[in-house]
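Coordinate analysis (summary)
Below are the chains, spelled out letter by letter.
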Amino acid sequence: GLSTALSYEIRRRRWLERARLAIYSWFGDSSALIYEKHRKPAPVVDIGKKPLVINENGRETTCGVSQEIVSSDWCLTSTMSVELLTLSSGTELVAQESMGLEFYYVVKGSGSYRKEVEEEQRTVDEMRISAGDCFVVDPFCRRGFAASGLSDLVMLRAVDVANTEVNDTVRWDAHGSTSTAAVVRTGLKKVEAMVARYNDRHAS
């Protein structure tokens, strides 16, 4: 019917995502950044880095970096994110539960992929991974990685998750805040300034 066709067109043309990005650009005064970010080929070294942090016995230790390439903060997607994970040689990302379907491609280095299965008793499947390998991780699977080679373990990670705000990489980040939160804070300050100017005009 008409409603089905309309719903299809909204999804196909990504009107909701376009509206969200328009709001983000207005809040943050960053329309050029949002609509041009990563749209042109560039060296991966130019992509901003966020630290990957593990917490061991109350102590935070940096074990690598994450470079976000695709995000709902600047791309026309609501469920997909893509990042480059670099795990420093000799370090490990402890097993955590995946929040969505994940795809990994090992770009460089070697190490191990640790998969935990929750049944009557927890079983652990540890597999060797190296450059050229690729694999899929199902939602709600507990998985971790270790860089056991002489060089860093570099993996391209694509995630399809129902809510990008719970992307588990945020939990690995020392700062613990997403760019969406920063945009909202900027937007709220902008609204407060507009209200203050309005009040000043009517008070005079």
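Please refer to the structure placed before this passage.
As the structure is a prediction and not an experimental result, all values here were calculated from the model.

Rules of the game
- Residues numbered from 1 in each chain as written.
- Predicted model: local features only at pLDDT ≥ 70, side-chain atom pairs only at ≥ 80, totals over all residues.
- Heavy atoms only, no water.
- Helix = DSSP H or I, 4+ residues; strand = E, 2+ residues; numbered from the N terminus.
- Buried < 20%, exposed > 50% of the residue type's maximum accessible area, 1.4 Å probe, protein only.
- Contact = heavy atoms within 4.5 Å.
- Salt bridge = Lys/Arg side-chain N within 4 Å of Asp/Glu carboxyl O.
- Core = buried A, V, L, I, M, F, W, Y, C linked by side-chain atoms within 4.5 Å.

1. Considerations on the side chain of Ser71
Within the secondary structure layout, Ser71 lies in the loop between β2 (59–70) and β3 (80–87). Using a relative accessible area of 4% as the deciding quantity, one classes Ser71 as buried. Once residues within four sequence positions are removed from consideration, Ser71 is found in contact with Thr77 and Met80.

2. Regarding the pattern of salt bridges
Throughout the structure, instances matching the rule amount to six salt bridges. When the shortest N-O distance is used, the salt bridge between Arg157 and Glu83 registers 2.4 Å. Here Arg157 is found in strand β10 (residues 153–160), whereas its partner Glu83 is found in strand β3, with 74 residues between them in sequence. A single burial state applies to Arg157 and to Glu83, both of which are buried.

3. Quick notes on the nonpolar core
Counting 17 residues, the largest nonpolar core has Leu87, Tyr104, Ile129, Phe135, Phe145, Leu153 and Met155 as the members making the most contacts within it. If you list the elements that add at least two residues to this core, you get β1 (50–56), β3, β5 (101–108), β8 (134–137) and β10. The contacts of Ile129, once residues within four sequence positions are left out, are Val106, Ser110, Gly111, Ser112, Tyr113, Phe135, Phe145, Leu153 and Met155. Leu21, Tyr24, Val70 and Trp74 belong to the second-largest nonpolar core, a separate cluster that totals seven residues.

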